[in-house]
Amino acid sequence: MVFHHLHAHSVHAERDFFGEYDVVVLTPSGRVVSLEIKAGELELSGDGVVKRYGAQQKDVGKQLARQHAALVASLRRAQLHPTVNHLLVLPHHRWNAADSLSIPAERVIDCDAYPELHRRILRDEFGRPRLIPESLVEIEQHLMGHFRLVPDVDRIATANAEIRQHMASGLATWVPRIEVPSRAYVIEGAAGSGKTQLALTLLRDAASRKKRALYVCFNRTLADHVGRIAPASCHVDTLHGLARDLIERSRETVDFQQEGVFDWMIQRLAAHYDTQRGHYDLVILDEAQDCKPEWVDIVDAMGHGEHQFYVLHDEQQRLYAHERFGLEDAVQIRTRENFRSPRAIVNLINLLQLTPEPIEARGPVAGTAPGVEAYATGNDQALTKATESAVRRCIEAGYRSDQIVVLSWHGQNKSLLRELGELAGLRLNKTTGEFDAQGNAKRTPGELELETVFRFKGRSAEAVVFTEIDFDAFDPATCRRLYVGLTRARTHLELVTSNRATHLITARIQGSDR
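Residues numbered from 1 in each chain as written. Predicted model: local features only at pLDDT ≥ 70, side-chain atom pairs only at ≥ 80, totals over all residues. Heavy atoms only, no water.

Participant: Lay out the overall build of the protein with the relevant residues and their values.
Facilitator: Helix and strand counts for the protein stand at 14 helices and 25 strands. Against the compact-globule benchmark of 24 Å for 514 residues, the protein has a radius of gyration of 34 Å, which places it well outside the compact range. Structurally, the protein occupies a C-alpha span of about 115 × 55 × 45 Å along its principal axes. About 26300 Å² of surface is accessible on the protein, with carbon and sulfur atoms providing 50% of the total. Here the protein holds 63 positive side-chain charges and 69 negative ones, and the gap between their average locations is 2 Å. (Helix = DSSP H or I, 4+ residues; strand = E, 2+ residues; numbered from the N terminus. Rg over C-alpha atoms; globule rule 2.2 N^0.38 Å. Areas by Shrake-Rupley, 256 points an atom, 1.4 Å probe, with all protein chains shown as cover. Lys, Arg positive; Asp, Glu negative; His and termini not counted. Charge placed at Lys NZ, Arg CZ, Asp CG, Glu CD.)

Participant: Any details on empty space enclosed by the protein? Residues and values, ideally.
Facilitator: For the structure shown, the criterion picks out two cavities of 30 Å³ or more. Taken as a whole, the largest cavity holds about 50 Å³ of empty space. For the largest cavity, the full set of lining residues is Q412, R418, K430, T431, L450, E451, T452 and R455. Among the elements that line the lining of the largest cavity, the one with the most residues is strand β23 (residues 448–452), at three residues. Grouping the amino acids of the lining of the largest cavity by side-chain chemistry returns one nonpolar, three polar and four charged. When its volume is computed, the second largest cavity comes out at roughly 40 Å³. Taken together, R31, V33, N85, L87, R107, R120, I121 and D124 form the lining of the second largest cavity. Among the elements of the structure, β7 (84–89) and α2 (117–123) are those that each provide at least two residues to the lining of the second largest cavity. Class assignment for the residues of the lining of the second largest cavity results in three nonpolar, one polar and four charged. (1 Å grid on protein atoms, 1.4 Å probe; cavity = no way out; pocket = protein on both sides within 12 Å on 5 of 7 lines; lining within 4 Å. Points joined across faces, edges and corners; volume = space filled by probe spheres on them. Nonpolar A, V, L, I, M, F, W, Y, C, P; charged D, E, K, R; others polar.)

Participant: So what's going on with the sheet that holds strand β24 (residues 461–469)? Which residues, and what values?
Facilitator: With mixed pairing, seven strands are arranged side by side in an open sheet as β17-β25-β24-β18-β23-β20-β19. Both edges of this open sheet fall to β17 (371–375) and β19 (422–423), since each of them pairs with a single strand only. The pairing of strand β20 (residues 426–429) with β23 spans two bridges and is parallel. Note on β23: the bridge partner recorded for N429 is E449. Along the sheet face, helix α13 (residues 476–486) touches β24 and β25 (489–498) and points at about 150° away from the line of β24. (Pairing = 2+ DSSP bridges. Contact = heavy atoms within 4.5 Å. Axes fitted to C-alpha atoms, helices over the stretch in contact; angles between N-to-C directions.)

Participant: Residue-level account of the nonpolar core, with values.
Facilitator: Grouped together as the largest cluster of nonpolar side chains are 33 residues, with contacts concentrated most on L239, L269, L285, M302, F309 and L327. Other than its neighbours up to four places away in sequence, F309 contacts R183, A184, Y185, V283, L285, V296, V299, D300 and L327. Core analysis: the next-biggest nonpolar cluster, separate from the first, contains 32 residues, A191, F471, C479 and L495 among them. (Core = buried A, V, L, I, M, F, W, Y, C linked by side-chain atoms within 4.5 Å. Buried < 20%, exposed > 50% of the residue type's maximum accessible area, 1.4 Å probe, protein only.)

Below is the structure:
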């Protein structure tokens, strides 16, 4: 292996020294041979052989000694200990051993020996065992100036979050300035477009003006997230959570183990608001694409009638087969920009044609294409092994277990991974299928969160392992579910797909490239 014009940087007595090695050869035995080539005119002085560069002259013997010492020291600091040889190559001169005592003739290749330079280097290889490939690679990377960088995921995530917040502030800046007589606004925004940021801006503004504000969403996990960062004076809950409060205020109890209990709760809530209105000045309904039209009407009735009503949704994240809602006289606002997902993931979404219109990649992170690991459909052991490999890749990339979420393509009742207690040596934090007295899903204690793509909608994580992906056609429901899962990752994404899903994804991408 031959390297040429290697730049060197060393520090001595707090001073920086820069140099260059003309040619360095790494032999199969791991021997490092440096060739200092002195072509053109040379001079003899009392100090030895001299090469003149304009008005400056360099003592060749001293130069060889410095380079040899610097190269050896550099390798030793890297805990590498190969044999290091230096050769002086003189293509235009014939060497006389009496010319200099500072340079041994054994280490000189003059114009007579120059045609056999390669044989001279390999001559000392005879009888030497070949170095194992791993050790050769270490020396090679050192000579090429490679060094290992381990990313500080926390600092990168914090910096990216600040940039994303600034870039995605468009909705939160100009939507609150719009005034319409109906005071009703429907905002359809792609995943990562800034809908949650808009909601928080509206809630904070209402709190600062002593207005009564309500935020309602479909998923409990999203409600809990918004509740932690919204002003304390604002009421944040799910639609079913509001129904539970209403029922309990009537001194009734809710049996969450009873079949059909959630539909019954909504019916009780609807009956209450059929006859009266609420008292809120501001009402925000998030995840409206997963709400039935009558649910939207119920939430609207929670305002006092002169309230502002903001409905946030993304039709491409609609995972339930509900009829679409409509809102008369509402101003319609639409954006297809994504400021959250790495641009490489958005590019994949567009290649797979998961949305009717392409998503605009506006995020600060370029990212890389997701890692894809296939498993044999129906082979539970292969699925588990592939998922564990994906989790380990996230950890090797610098992510902590609390920054990683494993998302299942299936719901809670169909996910095979829910039967496991751990993945990649990490205990799983997962739902048990039971509910506490407040209607919250009970979870097992663990370091690694396991969720379904249905329950995790509205949230995101630095690293996501999207697993158990298995489908037989790119129908609209499949496209929407893929879209939701792919857009949950803020930085890093791993995909674990069945063989048939892998073939379909590959064919779809290749078809897009034509």
